[in-house]
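What follows is each chain in one-letter form.
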Amino acid sequence: MSDTALTPGIRAGRLNAAAYDENFGDLHPRLDDHEALVAADRCYFCHDAPCVTACPTDIDIPLFIRQIATGTPEAAAKTILSQNILGGMCARVCPTETLCEEACVRETAEGKPVLIGQLQRYATDVLMDQGSHPFARAEATGKRIAVVGAGPAGLSCAHRLAMRGHDVTVFDGRAKPGGLNEYGIAAYKSVDHFAEREVEWLLQIGGITVETGKRLGNDLTLKQLQADHDAVFLGIGLGGVNALGLEAEEKDGITNAVDFIADLRQASDLAKLPVGRDVVVIGGGMTAVDAAVQAKLLGALNVSLVYRRGRERMNASTFEQDLAASKGVRIITNAQPIAIHGNGAVREVEFEYADDDLKPTGQTFRLPADQVFKAIGQTLDGDGLPDLDGRKIAVTDTGRTSIAGVWAGGDCAAGGDDLTVTAVAEGRDAAEDIHASLMG
Amino acid sequence: MANLESNFIGIKSPNPFWLASAPPTDKEYNVRRAFDAGWGGVVWKTLGEEGPPVVNVNGPRYGAIWGADRRLLGLNNIELITDRPLQTNLDEMTRVKRDYPDHALIASLMVPVNEDSWKDILSRVIDTGCDGVELNFGCPHGMSERGMGSAVGQVPEYVQMVTEWCKKHSNLPVIVKLTPNISDIRKPAQAAKDGGADAVSLINTINSITTVDLDLFAPQPTIDGQGAHGGYCGPAVKPIALNMVAEIARDPALKGLPISGIGGVTTWRDAAEFMALGAGNVQVCTAAMTYGFKIVQEMISGLSQYLDEKGFASVDDLVGRAVPNVVNWQDLNLNYITKARIDQDACIKCGRCFAACEDTSHQAISMSDDRTFDVIDEECVACNLCVNVCPIEGCITMERLPAGEIDPRTGKPVSDDYANWTTHPNNPMKCAAE
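Rules and cut-offs
- Residues numbered from 1 in each chain as written.
- Chains lettered and ligands numbered in written order.
- Predicted model: local features only at pLDDT ≥ 70, side-chain atom pairs only at ≥ 80, totals over all residues.
- Helix = DSSP H or I, 4+ residues; strand = E, 2+ residues; numbered from the N terminus.
- Rg over C-alpha atoms; globule rule 2.2 N^0.38 Å.
- Buried ≥ 20, exposed ≤ 12 C-beta atoms within 10 Å, placed from the backbone.
- Pairing = 2+ DSSP bridges.
- Axes fitted to C-alpha atoms, helices over the stretch in contact; angles between N-to-C directions.
- Contact = placed C-beta atoms within 7 Å.
- Domains from an automatic or database assignment.
- Nonpolar A, V, L, I, M, F, W, Y, C, P; charged D, E, K, R; others polar.
- Core = buried A, V, L, I, M, F, W, Y, C linked by C-beta atoms within 7 Å.
- UniProt positions renumbered as here; feature names shortened; annotations may be inferred.
- pLDDT = per-residue confidence, 0-100.
- Right-handed = clockwise from strand over helix to strand, strands pointing away.
- Parallel < 35°, antiparallel > 145°, perpendicular 65-115°, else oblique.
- Left-handed = near helix turned anticlockwise from the far one by under 90°.

Engineer: Please provide a residue-by-residue account of the overall build of chain B, values included.
Structural biologist: Each helix and strand counted, chain B has 12 helices and 22 strands in total. The globule rule puts the C-alpha radius of gyration for 434 residues at 22 Å, and the 25 Å found for chain B is close to it. Its C-alpha atoms give chain B principal-axis dimensions of roughly 75 × 60 × 45 Å. When burial is assessed residue by residue, chain B has 44% of its 434 residues classed as buried.

Engineer: A description of the sheet that holds strand 16 (residues 279-284) of chain B should follow, citing residues and the corresponding values.
Structural biologist: Residues and elements named next belong to chain B. If you trace the eight strands once around the closed barrel, you get 3-4-7-8-9-10-15-16, paired in parallel fashion. Averaged over all pairs of adjacent strands, the angle between their axes in this sheet comes to 25°, without regard to strand direction. Bridge analysis of strand 15 (residues 259-262) against strand 16 gives four bridges, and the strand direction is parallel. Across the sheet, I262 pairs through a bridge with Q283, a residue of strand 16. Taken strand by strand, helix 7 (residues 238-249) contacts strand 10 (199-202), strand 15 and strand 16, and its axis lies near 165° from that of strand 15.

Engineer: Which residues make up the domain arrangement of chain A, and what values do they have?
Structural biologist: Quoted interface sizes are often the accessible area lost when the parts come together. Residues and elements named next belong to chain A. Domains assigned within chain A are domain 1 (3-21 + 242-377), domain 2 (33-129) and domain 3 (144-239 + 380-439). Measuring from the centre of the C-alpha atoms in domain 2 to the corresponding centre in domain 3 gives 26 Å. In this assembly, 12 residues from domain 2 lie in contact with 19 residues from domain 3. Here the side of domain 2 that touches domain 3 gets five residues from one element, more than from any other, and that element is helix 7 (residues 87-93). Across the side of domain 2 that touches domain 3, the residue classes break down as eight nonpolar, three polar and one charged.

Engineer: Which residues make up the nonpolar core, and what values go with them?
Structural biologist: In this structure, A:I68, A:V148, A:F233, A:V281, A:A291, A:A292 and A:L305 are the most contacted members of the largest nonpolar core, which totals 147 residues. Ranked by residue count, the leading element in this core is helix 16 (residues 286-297) of chain A, at eight residues. Beyond its immediate stretch of four places on either side in the chain, A:V148 contacts A:G154, A:F171, A:L216, A:L220, A:L225, A:V232, A:F233, A:L234, A:G235 and A:I236. B:F17, B:W18, B:A272 and B:V296 belong to the second largest nonpolar core, which has 95 residues in total.

Engineer: Lay out the UniProt feature "domain: FAD/NAD(P)-binding" (unreviewed entry) in chain A in plain terms, naming residues and giving numbers.
Structural biologist: Within the UniProt annotation, "domain: FAD/NAD(P)-binding" (unreviewed entry) is assigned to residues 144-427 of chain A. In residues 144-427 of chain A, helix accounts for 25% and strand for 26%; the two terminal C-alpha atoms are 16 Å from one another.

Engineer: Got a sec to walk through the sheet that holds strand 1 (residues 144-148) of chain A? Specific residues and values, please.
Structural biologist: The strands that make up a sheet are held in pairs by hydrogen bonds between backbone atoms, and each pair lies either parallel or antiparallel. All names here are of chain A. Read across the open sheet, the five strands follow the order 3-2-1-4-17; overall the sheet is parallel. The open sheet is flanked by strand 3 (208-212) and strand 17 (406-408), the only strands paired with a single partner. Across the sheet, the mean angle from the axis of one strand to that of its neighbour is 20°, orientation sign disregarded. Pairing of strand 2 (residues 167-172) with strand 3 involves five bridges; the strand directions are parallel. Looking at strand 3, one finds that V168 is bridged to I208.

Engineer: Please set out the environment of B:E273 residue by residue, giving values where relevant.
Structural biologist: Take B:E273: it is sitting in helix 8 (residues 268-276). Each C-alpha atom of the pair B:E273 and B:V174 lies 24 Å from the other, and the pair is 99 residues apart in sequence.

Engineer: Please set out the confidence of the model for chain B residue by residue, giving values where relevant.
Structural biologist: On average, residues of chain B carry a pLDDT of 96, and 99% of them reach 70 or more. Overall fold confidence (pTM) sits at 0.91, and the ipTM for the predicted complex is 0.86.

Engineer: Report on unusual backbone geometry, specifying residues and quantitative values.
Structural biologist: Residue and element names in this part refer to chain B. The omega angle of the peptide bond from L202 to I203 is 10°, so this bond is cis rather than trans. Here I203 shows up in the loop between strand 10 and strand 11 (206-208). Cis geometry marks the peptide bond from Q220 to P221; its omega dihedral reads 0°. Within the chain, A382 stands out as a residue other than glycine whose phi angle is a positive 65°. Note that A382 resides in the loop between strand 19 (373-375) and helix 12 (385-389). Of note in this structure, N384 is not a glycine but carries a positive phi near 85°.

Engineer: Outline the interface of chain A and chain B, supporting the account with residue identities and numerical values.
Structural biologist: Listed as interface residues are 10 residues of chain A and, on the opposing side, 11 residues of chain B. Listing elements by their share of the side of chain A that touches chain B, those giving two or more residues are helix 3 (33-41) and helix 9 (105-110) of chain A. Among the elements that take part in the side of chain A that touches chain B, helix 9 of chain A stands out by supplying three residues, more than any other. For the side of chain A that touches chain B, the per-class residue count stands at six nonpolar, two polar and two charged.

Engineer: Any chance you could break down the domain arrangement of chain B for me, citing the residues and the numbers?
Structural biologist: Here the domain parsing of chain B yields domain 1 (6-325) and domain 2 (329-423). A straight line from the C-alpha centre of domain 1 of chain B to that of domain 2 of chain B covers 41 Å.

Engineer: Account for the environment of B:R352, with residues named and values stated.
Structural biologist: Topologically, B:R352 is positioned in helix 11 (residues 352-360). Of the residues examined, B:R352 has 22 C-beta atoms within 10 Å and is grouped as buried. On a C-alpha basis, the gap between B:R352 and B:H362 in space is 14 Å, while along the polypeptide they are 10 residues apart. Beyond its immediate sequence surroundings of up to four residues, B:R352 is in contact with A:Y44, A:C46, A:H47, B:V389, B:C390 and B:P391.

Engineer: For the pairing of strand 8 (residues 302-306) of chain A, give the residues involved together with the corresponding values.
Structural biologist: Residues and elements named next belong to chain A. Summarising burial for strand 8: four of the five residues are buried, a large majority. Strand direction decides the pairing type here: strand 7 (residues 278-282) and strand 8, joined by five bridges, are parallel. Following the sheet pairing, V279 is matched in strand 8 by V303. You can see the chain leave strand 7, run along helix 16 and come back into strand 8, and the turn it takes is right-handed. By the bridge criterion, three bridges tie strand 8 to strand 9 (residues 330-332) in an arrangement that is parallel. Across the sheet, the residue bridging to L305 is I331, located in strand 9. In this fold, strand 8 hands off to helix 17 (residues 318-326), which returns the chain to strand 9; that crossover is right-handed.

Engineer: Quick one: what's the story with the packing of helix 16 of chain A against helix 17 of chain A, residue by residue and with numbers?
Structural biologist: Residues and elements named next belong to chain A. Taken N-terminus to C-terminus, the directions of helix 16 and helix 17 make an angle of 20°; their axes are 10 Å apart at the nearest point. Taken together, helix 16 and helix 17 sit at an angle that is classed as roughly parallel. Our pair here, helix 16 against helix 17, has a crossing hand that is left-handed. Side by side, helix 16 and helix 17 meet where M286, V289, A292 and V293 of the first sit next to E320, L323 and A324 of the second. A class-by-class count of the residues in the contact of helix 16 with helix 17 yields six nonpolar, no polar and one charged.

Put into structure tokens, the structure is as follows:
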């Protein structure tokens, strides 16, 4: 073990170059042609298949797998993408083990589902590698629609609207479109700039203008967008990050997990990205796991993921928990942070054990920490938005908000899981409703 | 431990597994390896008449059908008889038989249809010490265009005539290998018997085009943009072969005619099925060509275990045991009434039984909102399709309704009397009760 690995503090270059490449390579490399045929052959082509029911975008999974099995992955891709235009990314990031693959009858039969996610990736990769775009625009309608947020919900909505013949402008506050596909998600799930390539591919349909660096509230107002467009779709995600509510939360070394993940995704040289020797991640969701695993892969010596409730309550799936454990992340449950210790920079985090109802036990422990990532959830950010339902924008089944002419979907909208695939479905369905109401 | 030693028409071999006349038996080198691996006998690759040997194509000579994971299910070939000089083959056969006296060595023969040609070739092979001859009346490609192979096998009169010549000009046991490319396999079998054949062997390969190259628009295997039909073999042809073996075995006129079973034998179980239908031994080719000679070890151990489990002392106890149960349709008991039964604990809720029954059969399976599948006895005709499409073995079974119970489909009580079509009231040809 090199000295660098043991050096305390937040330091870059803890690993050699080969280790970075290996650690951040594709988590599940694409199936080769033969592997895809073997995997496809396991599908039973179920009647009214449970996997389709379990898919938030209702992809016709048995059909696309049969299309792979018969040597037409391009047709398979079209089956996928006609329901889910971001089927390529969803194939990489969907928690399939709690969706289609959990419902697969071979999971029931053998505990080994058909590799639906990997087959979906195979098909979509084949098509995208050919550079072709299988969808064309309908005759122009002359309608103009603003989509705010170029994440999964916004892109899905924009593509479907463009397909229906509308002209779409997509605004996004960041420098690049893609939303969490580009700035969230662990790097090993989206290698080789896939998110960027997917957006470029999606935009091939035409009729979509992307304006980056424009954020609702700063550069845009909802009123002006409505005045300039026939309809507005809000897919603005959750811009705020929940705080721990502790004193000394601003100490050096304490950052939001989402920012760490975004920095990592945008880094051109991972060896220049600093990471602590002793890292503590607070939270129990996908973001917490992505931050913890990647901190470990960047060369942190000790990474602890601390969640306040029991393991079965963690939002991260069992697969994600197992992945974290396999990479050497220590998962500690039933512990709430109660104090941050350190002089200027964080040195230790103090926790108190709590039961599943969060009742403190009075028993405490401290974890050494030179870097702390907060991953206890994100919140909707912004003023002048449509009415809320709880802490998110209230929407109907098709994404209509309290303001006529304004739709919303994705993480910013109430209801649904905060999953990429759910956002895609909501964006798509809102687009169809916008189309219907404009052309009615 | 059951005795696997085989005595087929007086030809002894350590076990009933022979390699069929085919590419694996074309050379001394291969045959020695086969005997060393455990094969009981070998039918040498078919010999032609003296003179310049036939030539084979120089492009691909096999085509294939695959199942999942490229499991080879069917093989087709356009290879001809041996393309090596006759004397080379005869010399090699002589050496092999000398070194493996306890193994069966059969000469497969194919020469033009005239008595002198057959007399000549017989006189040559007798000197090798071989245990018998097999007359190749089966190959459906290439040689048949020259009036040999299946061109002979398709004309019972020729079959009888050539068989008679062979019996006349040698004392060797004569096995007649039959082509399946004919409408009634019993006719050439009868002709062979009438000609004095000691046994028949079947099936030879089936006329086939395995696949069409959809870019070249040519059959495969493709030779310079064209293809010819070939002979189909391997696991895919086994059901056809089993039926033809059974047709001969149960024909009263052919009773006692020994049969060497051929056609897709891949495992001990396949071999046992052929034997149960009347084959005295089996011949194997495609399985060896797919997996190598070592597969015979599984066949030996598997058949031996099966015979032990059944309490059979030898292969002879198995041969023909299923033949009495192969009957004509009209002999089947129409009072045998079954219904499909679904084991809900085993069901994985794929719904294939429902789709098959609802779309293509009798609408006799219901599907609930929670994906529970139940049989509707009022509609179930016991067709067995649900059993066949269910991916879980044993999940759906056919259960017999006991006598006295009302069949909900017909509303009539189940009878335990045997009654078949010949006496059914709907049969215009029914026999009067005596």
